[in-house]
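The primary structure of each chain is shown beneath.
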Amino acid sequence: MEALEQKLNYSFRNRALLQTALTHSSYANEHHCRSNERLEFVGDSVLGMVTAEHLYRAFPDMPEGKMTKLRAELVCEQSLGEVAQRLALGPSLRLGKGEELSGGRERLSILADCVEAVIAALYLDGGMAAARAFIDANVISKLNGESCLQIRDYKTELQELVQQQPGHTLVYELTGESGPDHMKRFEAAVAMDGRVLGSGEGRTKKEAEQMAAKAALEVM
């Protein structure tokens, strides 16, 4: 716990919160303890509010639509998963046997959920100041100068690429969904002329489609 606190740059008064933030539902089900799902719910709201406030203050002339896209880019599963990887949260996760064997420590969805849970643990233990310090250092810090205005829309990029070869059609399909209503996860695939080019997952159908398009672009 001390090593992890050093990575987070924060010392918990109630370390049980941090332990819960690291507890996946698969472990909780096997050991009859609390999982991090309720913390994820709180962390998602705190993260959204802090990033929205930062964008509002930092970019007074940015229109609402662009702020929405930029916030989505900052807090998406891919972004939060990268935060978890950078902080090496994977080895600290408490996983059930099945998730352990299936590579859960490296799964982006699990890592992203853990980051949200950690944000909630920081908020509940140290207030908004503790949560904001973490978000500023690990999420908002990705913004740098003009690059923050270049928000990638993978679906549009893929469509433009396909249009260079007339006669082809892209189709997005929802291939699965899981989780409780307040923390749904969606899986989507994109196909061209019936051939799947890429698949992805996210917290909304749109995010899942964007991740599928991103995967397709990497292949193409």
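What counts, and at which threshold
Residues numbered from 1 in each chain as written. Predicted model: local features only at pLDDT ≥ 70, side-chain atom pairs only at ≥ 80, totals over all residues. Heavy atoms only, no water. Axes fitted to C-alpha atoms, helices over the stretch in contact; angles between N-to-C directions. Helix = DSSP H or I, 4+ residues; strand = E, 2+ residues; numbered from the N terminus. Parallel < 35°, antiparallel > 145°, perpendicular 65-115°, else oblique. Contact = heavy atoms within 4.5 Å. Core = buried A, V, L, I, M, F, W, Y, C linked by side-chain atoms within 4.5 Å. Buried < 20%, exposed > 50% of the residue type's maximum accessible area, 1.4 Å probe, protein only. Salt bridge = Lys/Arg side-chain N within 4 Å of Asp/Glu carboxyl O. pLDDT = per-residue confidence, 0-100. Pairing = 2+ DSSP bridges. 1 Å grid on protein atoms, 1.4 Å probe; cavity = no way out; pocket = protein on both sides within 12 Å on 5 of 7 lines; lining within 4 Å. Points joined across faces, edges and corners; volume = space filled by probe spheres on them. Nonpolar A, V, L, I, M, F, W, Y, C, P; charged D, E, K, R; others polar. Left-handed = near helix turned anticlockwise from the far one by under 90°.

**Quick word on the packing of helix α5 (residues 64-75) against helix α6 (residues 77-86)**
Close contact between α5 and α6 brings their axes to 4 Å; oriented N to C, the two are set at 40 degrees. The angle between the axes of α5 and α6 places the two elements in the oblique class. Across the interface between the two elements, Glu73, Leu74 and Val75 of α5 pack against Glu77, Ser79 and Leu80 of α6.

**Here we look at the environment of Arg107**
Mapped onto the secondary structure, Arg107 falls in the loop between α7 (97-101) and α8 (108-138). Placed 57 residues apart in sequence, Arg107 and Gln164 show a C-alpha to C-alpha distance of 34 Å. If sequence neighbours within four positions are ignored, Arg107 has contacts with Glu99 and Ser102.

**Comments concerning the nonpolar core**
Leu8, Val115, Ile119, Phe134 and Ile135 are the most contacted members of the largest nonpolar core, which totals 43 residues. Among the secondary structure elements, those contributing two or more residues to this core are α1 (2-8), α2 (15-21), α4 (37-58), α5, α6 and α8. Excluding residues within four positions of it along the chain, Val115 makes contact with Leu80, Val83, Ala84, Leu89 and Phe134. In this structure, Tyr154, Leu158, Leu170 and Val190 belong to the second largest nonpolar core, which totals twelve residues.

**Topic: the pattern of salt bridges**
Considering all chains together, one arrives at ten salt bridges under this definition. Of the charged contacts in the structure, one is a salt bridge between Arg15 and Glu5, with a shortest N-O distance of 3.0 Å. Of this pair, Arg15 sits in helix α2 while Glu5 sits in helix α1, placing them ten residues apart in sequence. Classification of Arg15 by relative accessible area gives partly exposed; the value is 35%. According to the relative accessible area criterion, Glu5 is buried, its value standing at 6%. Residue Arg185 is joined to Asp113 by a salt bridge in which the shortest nitrogen-to-oxygen separation is 2.1 Å. Here Asp113 lies in helix α8 and Arg185 lies in strand β2 (residues 185-192), a separation of 72 residues in the sequence. A single burial state applies to Arg185 and to Asp113, both of which are buried. Taken together, the shared-partner salt bridges connect Glu2, Glu5 and Arg15 into one network.

**Section: the confidence of the model for the protein**
Mean pLDDT for the protein: 90, with 95% of residues reaching 70 or above. Ranking the helices and strands of the protein by mean pLDDT puts α2 first, with 97, and α5 last, with 88. Low pLDDT, under 50, characterises residues 145-150; the stretch is placed with five contacts to residues that sit more than four places away or in other chains.

**Digging into the sheet that holds strand β1 (residues 170-178)**
One open sheet holds the three strands; their spatial order is β1-β2-β3, and the pairing between them is antiparallel. Among the strands making up the open sheet, the edge pair consists of β1 and β3 (195-202). Shown here is a sheet whose adjacent strand axes are inclined to one another by a mean of 20 degrees, direction ignored. Of the strand pairs in this sheet, β1 and β2 are connected by eight bridges, and their pairing is antiparallel. In the sheet register, Leu170 faces β2, and the bridge partner there is Met192. Strands β1 and β2 of the sheet are contacted by helix α9 (residues 154-163), whose axis makes an angle of about 150 degrees with β1.

**Description of the layout of surface pockets**
Taken as a whole, the largest pocket encloses approximately 1100 Å³ of empty space. As for the largest pocket, its lining consists of 40 residues, of which Val75, Cys76, Arg203, Thr204 and Glu207 are closest to the centre. Mapped onto the lining of the largest pocket, the elements with two or more residues apiece are α4, α5, α8, α9 and α10 (205-219). Taken together, the residues of the lining of the largest pocket break down into ten nonpolar, twelve polar and 18 charged.

**Some points on the packing of α9 against α10**
The description of two packed helices rests on the angle between their axes and on the distance between the axes. Packing of α9 against α10 brings their axes to within 8 Å, and their N-to-C directions diverge by 45 degrees. In terms of orientation, α9 lies oblique with respect to α10. For the element pair α9 and α10, the recorded crossing hand is left-handed. Across the interface between the two elements, Tyr154, Lys155, Glu157, Leu158 and Leu161 from α9 touch Glu209, Gln210, Met211, Ala213, Lys214, Ala216 and Leu217 from α10. For the contact of α9 with α10, the class distribution of residues is seven nonpolar, one polar and four charged.

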